[in-house]
Amino acid sequence: MKRGFSFLEIIFALIISSLFVVVGLNIMAKTIYNYRVNYEYRVLNLKANVYQEKLTNLFKNVIPNTIIGDKCTISNNDCFNGNITNFDSLASITEKNENSQYPVIEFLKENNYIDYFAWNDTLKQNIPSSSKFVDLADTKIIDQNKNEYQIFVKYSDFPKVFSLLNEYFNDYGLSFSYKNLALLMSGQQDNGAISTIKNSYGYNGTPALKLFKILTYKHIISSNPNNNEDILTIEPYNNTTGIITQPYQTFFIIDSAYALVPKENSNGLLDIYLFHFYYPWEKETYKNARVKELFLTNLSKFIVKEIDGSVYVDFCVENPTLKINGEAVQVCREFFKY
Amino acid sequence: MLKRGINIITTIIILIFLATIGVSLLYLYQKSTQNTNNFYLHTYVQNLMKSATEASILNVLGHNFNNGCPTELKINDKLFNVTCYYHFYLTNCGNCKNCTQINTKDTNGSFLITVKAVSKIPGYPLVESKTTIQNP
């Protein structure tokens, strides 16, 4: 007669199978956990890549040595509300009192779209919107006391510049006026002067001695497009007796200042807002910005430095809901934008 | 009644679940790879454009201006087609066609270099351009 299993055999089989189940479940749980951690790291990695691209694009055409750090407190929203206590050139902010004390970054940049070159089939060459090349010998002094000048920009098409900027402003639902533009007279390789940051660009109510406003412009069209030129009448936004602000060979066209403003979110991490479309040269601060948009989210670290005219960024993006052995899950990036 | 094992519906559900996980993993992996490629190409093209600017300056220095001005310099890179366009500022343009006549003697011989790089890689329609003024 065929027997069943003995009690001992069943117990033995149960112990072995329970061992298998325990080990199996453990492996399964670990696999699921590892999968989730892996997944989160991949998502964070992707997010960090996108943030890096956004920052790289933002810092494209930034004007060296116009970058400043604003001193304020993040925790009580002072930074976000524009209540700053001091500011300084970012290049001169040392390691000891770096971004933790100067969390808001402001800078001037040329619009990415104005360096527009269109192919001219007659000339068989690219025609720029503006070469930004001043024929200095032709420069006329209109009013010596006001530092008012007439300059001749050769091989240039300012109406094209204004039309490009107009389209850009319209995309944000804003109206454009060339009267709000600022020209920074300088060579393209010129790094400017850090020591004069508090009286050059108009940041936080300081004088904008280095920036010119366009009073009038006239576009001259020639039969040969090589000889197209713009005649601009310009004068500095602020004048100080004894300080002469004069035109140079080239200049930057600045349509807005930009500010990266941190704000603490409900997870205790930083959200970085981009404030733009404001004009420090017209006594505006970043709290007057016409566009305030959420730029980066859930950062545990965000440091921007200016080193020898290049922008250095160090940031970490964190997952606020996941911890591994009590440690935050984060991905960091460091990069230079030359 | 004989108890059945896992039925076909359950199997399909499990398969769909596993496939979803697999596809999302592959998608993330592909995005991550694509981003790494983008970074590489952006850095590559920036460096390439700097080199092209230097090369085009050397080209101007070695050019015999009695035969007119150089108009462009083509550089055939393995990943990008690079073209450097010139525009000169001279006090006397002579037979130089891509030139604007100026009156400032100090800046006579300045020129604009517009470097344009167009990707040759299928699936990466990357175009970058950069203009600089070079002083004599």
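As a starting point, this report considers the structure included with it. (Residues numbered from 1 in each chain as written. Chains lettered and ligands numbered in written order. Predicted model: local features only at pLDDT ≥ 70, side-chain atom pairs only at ≥ 80, totals over all residues. Heavy atoms only, no water.)

Let's shift gears to helix H2 (residues 158-171) of chain A. Residues and elements named next belong to chain A. Taking 1.5 Å per residue as the helical rise, H2 with its 14 residues ought to reach 20 Å, and the 20 Å between its terminal C-alpha atoms agrees with that figure. Every buried residue of H2 is accounted for by Phe158, Val161, Phe162, Leu164, Leu165, Tyr168 and Phe169. On an axial view of H2, the arc spanned by its buried residues comes to 160 degrees, and they lie on one face. Exposed and facing more than 90 degrees away from the buried side of H2 are Glu167 and Asp171. On its buried face, H2 is in contact with strand E6 (130-134), strand E8 (148-156), strand E10 (211-220), strand E11 (229-236), strand E12 (251-264) and strand E13 (270-278). Taken from the residues just after H2, Gly173 is the one with a positive phi, measuring 75 degrees. (Helix = DSSP H or I, 4+ residues; strand = E, 2+ residues; numbered from the N terminus. Expected span 1.5 Å × (residues − 1). Buried < 20%, exposed > 50% of the residue type's maximum accessible area, 1.4 Å probe, protein only. Arc of directions from axis to C-beta. Contact = heavy atoms within 4.5 Å.)

Once that is clear, we can look at the packing of aromatic side chains. Counting across every chain of the model gives 32 aromatic pairs over all chains. Summarising the aromatic geometry, the rings of Tyr40 of chain B and Tyr44 of chain B are spaced 5.8 Å apart at their centres and angled 40 degrees between planes, so their arrangement reads as tilted. Of this pair, Tyr40 of chain B and Tyr44 of chain B both sit in helix H1 (residues 8-61), four residues apart, roughly one helical turn. Each member of the aromatic cluster is reached from another via a ring pair, and the members are Tyr113, Phe158, Phe162, Tyr168, Phe169, Tyr172, Phe176, Tyr178, Tyr217, Phe251 and Phe277 of chain A. (Phe/Tyr/Trp six-rings, centres within 6.5 Å; stacked < 30°, edge-to-face > 60°.)

Let's shift gears to the nonpolar core. In this structure, Leu55, Leu260 and Phe302 of chain A are the most contacted members of the largest nonpolar core, which totals 86 residues. A per-element tally of this core places E12 of chain A first, with nine residues. Formed by 25 residues, the second largest nonpolar core is a distinct cluster that contains Met49, Phe111, Ile113 and Tyr124 of chain B. (Core = buried A, V, L, I, M, F, W, Y, C linked by side-chain atoms within 4.5 Å.)

With that out of the way, let us pick up the pattern of salt bridges. As a working rule, side chains carrying opposite charge can pair if their charged atoms are close by. Residue and element names in this part refer to chain A. Enumeration according to the criterion identifies eight salt bridges over all chains in this entry. The shortest N-O distance in the salt bridge between Lys213 and Glu235 comes to 3.8 Å. With Lys213 in strand E10 and Glu235 in strand E11, this pair connects stretches of sequence that are 22 residues apart. The closest approach of N and O atoms between Glu284 and Arg290, which form a salt bridge, is 2.8 Å. The class for Arg290 is partly exposed, based on a relative accessible area of 39%. (Salt bridge = Lys/Arg side-chain N within 4 Å of Asp/Glu carboxyl O.)

Let's shift gears to the state of the cysteines. Residues and elements named next belong to chain B. What the rule picks out here adds up to four disulfides over all chains. Through a disulfide, Cys69 is tied to Cys96; the S-S separation comes to 1.8 Å. With the S-S dihedral at roughly -125 degrees, the linkage between Cys69 and Cys96 falls on the left-handed side. Here the residue Cys69 occupies a position in the loop between H1 and strand E1 (72-76), and Cys96 occupies one in the loop between strand E2 (80-90) and strand E3 (99-101), the gap between them amounting to 27 residues. Classification of Cys96 by relative accessible area gives buried; the value is 7%. Sulfur-sulfur distance for the disulfide between Cys93 and Cys99 comes to 2.0 Å. (Disulfide = S-S within 2.5 Å.)

Here the focus is unusual backbone geometry. All names here are of chain A. If you check the backbone angles, Lys132 has positive phi at about 60 degrees while not being a glycine. Topologically, Lys132 is positioned in strand E6. Unusually for a residue other than glycine, Asn204 sits at a positive phi of about 50 degrees. Structurally, the position occupied by Asn204 is in the loop between strand E9 (182-185) and E10.

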